[in-house]
Amino acid sequence: MSGKLILGVPSKGRLQENVASFFGRAGLTFVQPGGARDYRGAIADLADVEVAYLSASEIAGQLASGAIHLGVTGEDLIRENISDADTRVKLLQPLGFGYADVVVAVPQAWIDVATMADLDDVADDMRRRHGKRLRVATKYVNLTRGFFAWKAPADGRPGRGVSNYRIVESAGATEGAPAAGAADVVVDITTTGATLKANALKVLDDGVMLKSQAQLVASLAAPWSASARAAGRTIMTRIAAETRARAVREIRAQMSTRMERQIVDLAARFDARAPFGPPVEGAPLVLHAPKKAVFAVIEALRSAGAGTVTVATLEDVFEPEPPLVATFEAAIGKA
């Protein structure tokens, strides 16, 4: 591998579009000099970055092996394909798209089965009466084994583990396996639950195994050269600036400097920040406030005697020590 940072991104579909849009908002524009069919690309103004277009599952595998430095893929694929994920990769930031839940679903006709404990009873009864094990259709073999093995509560409540089952690996549409007679229950991904309902399946009350979304992930096994580290820091800094800007609104108000203590208290109450410090005489107060708190902050400012108040949307907010950059540098270690 060269000293360049290799960034793995999805090669097709809605996920690819969302990833390109996410990076583009942070000023990180993907380019493919060889055209759309070229599986290698770059980021427009970062010479030490190579973009590799891969399937979402390939990204997980190459992050684990260290063949790529950074990648964007679903957390479900990370957890399924990397058995010791927390020691081999670092999930840096959820990206706010690609949402899907990995769930345990059973036939709606099983009216007495609402929890994993109920499913365990069904599995035991099936083994005792018929000498057969509960069949679970899934593409998520490792996640299923881990979830079904988990026990827990001891204060009179049953644990969640299921023991008498066998996995039927699904190559096609998993949700159709029970109706086809190939399985009894399924472990599958769902976004709205509509497909499961259409196949007469229901999600168990405690059957959500993982709430997944697209993640920006760093490989802990990749060879992080000085140039790759520098490129990674640049990427994290830009993403952090855009993400922070999207989360806040800038509020400006003409306030008396004699109200400095009240201003500090107000900012703390609404989780707002004065990025440039308290106002000097004649200058407006500037606050960065969470979007959901904007109108409450305005009301509080007006009650405190503010004059004109303005609200602006920001493009980027470059903070001195963004948490995302700190997380990235802590994950890959010192050079």
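Keep in mind that what you see is a predicted model, and the values were worked out from it rather than measured. (Residues numbered from 1 in each chain as written. Predicted model: local features only at pLDDT ≥ 70, side-chain atom pairs only at ≥ 80, totals over all residues. Heavy atoms only, no water.)

Looking at the pairing of strand β4 (residues 46-54)
The criterion, for reference: Strand pairing is assigned whenever DSSP detects at least two bridges linking the two strands. Numbering of helices and strands runs from the N terminus, with a helix taken as a DSSP run of H or I at least four residues long and a strand as a DSSP run of E at least two residues long.
By the bridge criterion, six bridges tie strand β1 (residues 5-10) to β4 in an arrangement that is parallel. Bridge pairing in β4 places Ile-6 opposite Glu-50. With four bridges joining them, strand β3 (residues 40-43) and β4 adopt antiparallel strand pairing. Its bridge partner being in β4, Ile-43 is matched across the sheet by Leu-46. The turn linking β3 back onto β4 is made up of two residues.

Re the sheet that holds strand β5 (residues 70-74)
Applied cut-off: Contacts were defined at the residue level, with two residues in contact if any of their heavy atoms lie within 4.5 Å. All axes are obtained by fitting lines to C-alpha atoms, using only the stretch in contact for helices, and the reported angles, taken between N-to-C directions, cover 0 to 180 degrees.
With respect to topology, seven strands assemble into an open sheet ordered β2-β3-β4-β1-β5-β12-β6, the strand pairing being mixed. At either end of the open sheet lies a strand with only one pairing partner, and these are β2 (30-31) and β6 (89-94). As judged from the two bridges shared by β2 and β3, these two strands associate in the antiparallel manner. When the bridges of β3 are listed, Phe-30 appears paired with Ile-43. Contacts from helix α2 (residues 56-65) reach β1, β4, β5, β6 and β12 (214-219), with the element oriented near 135 degrees to β5.

Describing the side chain of Glu-250
As a reminder, the rule being used: Relative accessibility decides the category of a residue: with a 1.4 Å probe and only protein chains considered, values under 20% of the type maximum give buried, values over 50% give exposed, and everything between is partly exposed. The term polar contact refers here to a pair of N or O atoms within 3.5 Å; inside protein, the definition further demands a hydrogen-donor-capable atom paired with an acceptor-capable atom, and it admits residues adjacent in sequence only when both atoms are side-chain atoms.
Mapped onto the elements of the fold, Glu-250 is located in strand β13 (residues 248-253). On the basis of relative accessible area, Glu-250 is assigned to the buried category, the value being 11%. Only 3.1 Å separates the side chain of Glu-250 from the side chain of Arg-252, close enough to count as a polar contact. Excluding its chain neighbours within four sequence positions, the residues that come into contact with Glu-250 are Val-286, Leu-287, His-288, Thr-310, Val-311, Ala-312 and Leu-314.

Quick notes on the sheet that holds β13
One open sheet holds the three strands; their spatial order is β14-β13-β15, and the pairing between them is antiparallel. Each edge of the open sheet is held by one strand with a lone partner, namely β14 (285-290) and β15 (309-312). Strand-to-strand twist in this sheet, taken as the mean axis angle between neighbours without regard to direction, amounts to 25 degrees. Across six bridges, β13 lies against β14 in antiparallel orientation. Following the sheet pairing, Ala-253 is matched in β14 by Leu-285. Sitting on the sheet, helix α9 (residues 226-247) is in contact with β13 and β14, with an inclination near 60 degrees to β13.

Considering the packing of helix α1 (residues 13-25) against α9
Condition: The scheme is simple: roughly parallel for angles under 35 degrees, roughly antiparallel for over 145, roughly perpendicular for 65 to 115, oblique for anything else. Only Asp, Glu, Lys and Arg are considered charged in this grouping, and only Ala, Val, Leu, Ile, Met, Phe, Trp, Tyr, Cys and Pro are considered nonpolar; every other residue, Gly among them, is considered polar.
At their nearest, the axes of α1 and α9 sit 8 Å apart, and the two run at 90 degrees to each other. Classed by the angle they form, the pair α1 and α9 counts as roughly perpendicular. Residues Phe-22, Phe-23 and Arg-25 of α1 lie in contact with α9, whose contacting residues are Ile-235, Ile-239, Glu-242, Thr-243 and Arg-246. Across the contact of α1 with α9, the residue classes tally to four nonpolar, one polar and three charged.

Regarding the packing of aromatic side chains
Here is the rule: Each Phe, Tyr or Trp ring, with Trp reduced to its six-membered ring, pairs with another whose centre is within 6.5 Å; inter-plane angles below 30 degrees give stacked pairs, above 60 give edge-to-face pairs, and intermediate values give tilted ones.
Scanning all chains against the criterion turns up five aromatic pairs. For the ring pair Phe-22 and Phe-23, a centre distance of 5.8 Å and an interplane angle of 75 degrees mean the geometry is edge-to-face. Summarising the burial analysis for this pair, Phe-22 and Phe-23 share the class buried. In this structure an aromatic cluster arises from ring pairing among Phe-22, Phe-23, Phe-30 and Phe-97.

Observations regarding the packing of α9 against helix α12 (residues 323-332)
Put simply, the test is: Two helices that cross are described as forming a left-handed crossing if the nearer one is turned anticlockwise from the farther one by less than a right angle, and a right-handed crossing if clockwise.
Their axes nearest at 8 Å, the elements α9 and α12 cross at an angle of 155 degrees. One element, α9, and the other, α12, form an angle in the roughly antiparallel class. As α9 runs across α12, the sense of the crossing is right-handed. Residue-level inspection shows Arg-229, Gly-232, Arg-233, Met-236, Thr-237, Ile-239 and Ala-240 of α9 in contact with α12, the latter providing Leu-324, Val-325, Phe-328, Glu-329 and Ile-332. A class-by-class count of the residues in the contact of α9 with α12 yields seven nonpolar, two polar and three charged.

Here we look at the pattern of salt bridges
Put simply, the rule reads: We define a salt bridge as a side-chain nitrogen of Lys or Arg found within 4 Å of a carboxyl oxygen belonging to Asp or Glu.
For the coordinates displayed, the defined rule picks out 16 salt bridges. The shortest N-O distance in the salt bridge between Glu-17 and Arg-14 comes to 3.7 Å. Of the two residues, Glu-17 and Arg-14 both sit in helix α1, three residues apart, roughly one turn of that helix. For the pair Glu-17 and Arg-14, one class covers both residues: exposed.

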